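The chain contents come next:
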Amino acid sequence: MEVIILPTQQKAAHLVAQIFAKEMKAHPKLVLGLATGRTMEPVYSLLVDLHRQAGLDFSQCSTFNLDEYIGIPADHPCSYRHYMNELLFNQVNITKANTHLPDGMATDLAAECIRYEGAIAQAGGIDLQLVGIGSDGHIGFNEPSSSLRSRTREKALTPATLEQNAPMFGGDPANVPRRAITMGVGTILDSRRCLMLVTGKSKASILAKAVEGPITAMVTATALQLHPRCQVIVDEEAASELKEIDYHRWVFANEPEWAEFQYLR
Ligand code: GLP
């Protein structure tokens, strides 16, 4: 795992978008794993800009999102399908049929989870997975105590998550769906490359636990320490509680992979 610290939220999002663009140019049929949440909004906005201004081509890509709420339809303004359509899919030249989210309205949810895992496998697995982190340390909706080998399944959301996501549902946690379908921790760990983007002061404490704490199912983001190629991209505010901050800075300044991105320091 590498931790890359950049001065601002915008620069952190910029690095993520640039890595996406580089991978997509090198591998036009890239299979992307995508995440939702406020943290990702600037990333999608930058990818739309890259498409419009620099011709970034999504036509052969396919995408799999981490998760979806159970019980709200795709056209509901708070569904993750709606979020993805609005912020990315409707604004770039992706083939909609190649964009996948779990179906939270499926009549047989267990079958839907198996189908989703099968679709990822059929696409050849996820090449580049983007994840954020919840205030309780979740990735996707893998809430505390989730198996670190879990696959796509239904999960009940914790009160902390209902609280965190309430602003998108009019501010009342009671309006947030209680359950979701999420890729499992094991599904995320199977991705070939993983980028975790974390920004803002409110995430500083959970980020320090996630990257410098012991691996525990109580903070499922710690499982990314086991990922063969995970890079954690953060802004100064989110980095403020890291103990090894000087070491993380040294890695970004010295690893050849990051030489072309030194302009972001
Ligand atoms: C939701 C999503 C997560 C996301 C988290 C953080 O819970 N299921 O994938 O990482 O929100 O959201 P935000 O970026 O709004 O803090």
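Everything quoted here is computed from the prediction, not taken from an experiment.

**Quick notes on the sheet that holds strand β8 (residues 179–182)**
So, step 1. The 3 strands lie next to each other as β4-β8-β7, forming an open sheet whose pairing is antiparallel. Either end of the sheet is taken by a strand with one partner, and the two such strands are β4 (67–69) and β7 (153–156). The sheet shows a mean angle of 30° between the axes of neighbouring strands, taken without regard to direction.
So, step 2. Docked against the sheet, helix α4 (residues 109–122) engages β7 and β8, running at close to 120° with respect to β7.

**Considering the state of the cysteines**
So, step 1. Counting across every chain of the model gives 0 disulfides.
So, step 2. C194 takes part in no disulfide bond, and the closest cysteine sulfur to it belongs to C230, at a distance of 4.2 Å.

**What about helix α7 (residues 204–212)?**
So, step 1. Of all the residues in α7, the buried ones are A204, I206, L207, A208, A210 and V211.
So, step 2. Where α7 is buried, its residues meet β1 (2–6), β9 (193–198), β10 (230–235) and α8 (236–239).

**Re the side chain of Q164**
So, step 1. Within the secondary structure, Q164 sits in helix α5 (residues 159–165).
So, step 2. In terms of polar contacts, Q164 uses its side chain to reach the backbone amide nitrogen of S135, at 2.6 Å.
So, step 3. Excluding residues within four positions of it along the chain, Q164 makes contact with R38, G134 and S135.

**Some words on the site of the ligand**
So, step 1. Close contacts around the ligand come from 14 residues, with R38, T39, D67, H138 and K203 the closest.
So, step 2. Contacts to the ligand include D67, whose side-chain N or O atom sits 2.7 Å from a nitrogen atom.
So, step 3. The backbone of G140 places a nitrogen or oxygen atom 3.2 Å from a nitrogen atom of the ligand.
So, step 4. About the coverage of the ligand: the protein hides 97% of its 390 Å² of free accessible area.
So, step 5. By residue class, the composition of the shell around the ligand is 3 nonpolar, 8 polar and 3 charged.

**Topic: the pattern of salt bridges**
So, step 1. Tallying each qualifying case throughout the model produces 10 salt bridges.
So, step 2. With its nearest N and O atoms 3.1 Å apart, the salt bridge here joins E117 to R151. Residue E117 is found in helix α4, and its partner R151 is found in the loop between β6 (128–131) and β7; the two are separated by 34 residues along the sequence.
So, step 3. Owing to a relative accessible area of 35%, R151 belongs among the partly exposed residues under this scheme.

Thresholds applied
Residues numbered from 1 in each chain as written. Predicted model: local features only at pLDDT ≥ 70, side-chain atom pairs only at ≥ 80, totals over all residues. Heavy atoms only, no water. Pairing = 2+ DSSP bridges. Helix = DSSP H or I, 4+ residues; strand = E, 2+ residues; numbered from the N terminus. Axes fitted to C-alpha atoms, helices over the stretch in contact; angles between N-to-C directions. Contact = heavy atoms within 4.5 Å. Disulfide = S-S within 2.5 Å. Buried < 20%, exposed > 50% of the residue type's maximum accessible area, 1.4 Å probe, protein only. Polar contact = N/O pair within 3.5 Å; in protein donor to acceptor, adjacent residues only side chain to side chain. Near = heavy atom within 4 Å. Areas by Shrake-Rupley, 256 points an atom, 1.4 Å probe, with all protein chains shown as cover. Nonpolar A, V, L, I, M, F, W, Y, C, P; charged D, E, K, R; others polar. Salt bridge = Lys/Arg side-chain N within 4 Å of Asp/Glu carboxyl O.

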